[in-house]
Amino acid sequence: MSTRSSARAIAVVTVIATLIVGFLIGVVTDRVWLYRHGPRFGPRAQRFTAERIVKHLDNELTFTPQQRAQVTQIIEARQKRIAVIQAAFRPQIRQEIDQTNAEIEKILTPEQRTKFEQLKMRVRHPRE
């Protein structure tokens, strides 16, 4: 392998690793936020979101009171269905994250692997 192609391979691996690490940092940040502040979704959050959507649409379209009530009902019903769909995909997302971690571990040195395991432990137990 020439020096040029070796440098290119290192650059590609670095970019891919950076993207994966960025994704994992985003996941960790999200989990920590959820752990400290509670869920961003749920009945209360959905109501707030539905209210904001209806308010925005009402400002643009000037609903009658009946239309406003109907649009609110439609949005709330769909939000519940969306929540069910999201819940169904969570295990697949978790599996993808676990597989990503496993792939990263394969390319790490033993010292890096030890540190990586410690980082993952913080994700699972942020208050410890």
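Preceding this paragraph is the structure being described.
Residues numbered from 1 in each chain as written. Predicted model: local features only at pLDDT ≥ 70, side-chain atom pairs only at ≥ 80, totals over all residues. Heavy atoms only, no water.

Chemist: How should the pattern of salt bridges be read in this particular structure?
Modeler: Should the charged atoms of two oppositely charged side chains come close, the side chains can pair. Taken as a whole and assessed by the stated rule, the structure comprises two salt bridges. With a closest N to O distance of 2.8 Å, Arg 68 and Asp 58 form a salt bridge. Taken together, the residues Arg 68 in helix H3 (residues 65-107) and Asp 58 in helix H2 (residues 43-61) connect sequence positions ten residues apart. The exposure class assigned to Arg 68 is partly exposed, which follows from its relative accessible area of 33%. Here Asp 58 falls in the buried class, since its relative accessible area comes to 19%. Here Asp 98 makes a salt bridge to Arg 94, at a shortest N to O gap of 3.2 Å. Here Asp 98 and its partner Arg 94 are both found in helix H3, four residues apart, which amounts to about one turn of the helix. (Salt bridge = Lys/Arg side-chain N within 4 Å of Asp/Glu carboxyl O. Helix = DSSP H or I, 4+ residues; strand = E, 2+ residues; numbered from the N terminus. Buried < 20%, exposed > 50% of the residue type's maximum accessible area, 1.4 Å probe, protein only.)

Chemist: Is there a simple way to think about H3 in this case?
Modeler: Owing to its 3.6 residues per turn, the α-helix aligns residues three or four sequence positions apart on the same side. For H3, with 43 residues, the first-to-last C-alpha span of 60 Å sits near the 63 Å given by 1.5 Å per residue. Residue Phe 89 marks the point of greatest curvature in H3, where the axis turns by about 35°; the proline Pro 91 follows within four residues. (Expected span 1.5 Å × (residues − 1). Bend = angle between axes of the 7 residues up to and from the residue.)

Chemist: Which parts of the structure should I look at to understand the nonpolar core?
Modeler: Considering soluble globular proteins, one finds that nonpolar side chains tend to be buried as a cluster. By size, the foremost hydrophobic cluster in this structure holds six residues: Leu 24, Val 27, Ile 97, Ile 104, Leu 108 and Phe 116. At the level of elements, helix H1 (3-37) and H3 are the ones that each hand at least two residues to this core. Excluding its chain neighbours within four sequence positions, the residues that come into contact with Leu 108 are Arg 113 and Phe 116. Residues Ala 50, Val 54, Val 71 and Ile 75 belong to the second largest nonpolar core, which totals five residues. (Core = buried A, V, L, I, M, F, W, Y, C linked by side-chain atoms within 4.5 Å. Contact = heavy atoms within 4.5 Å.)

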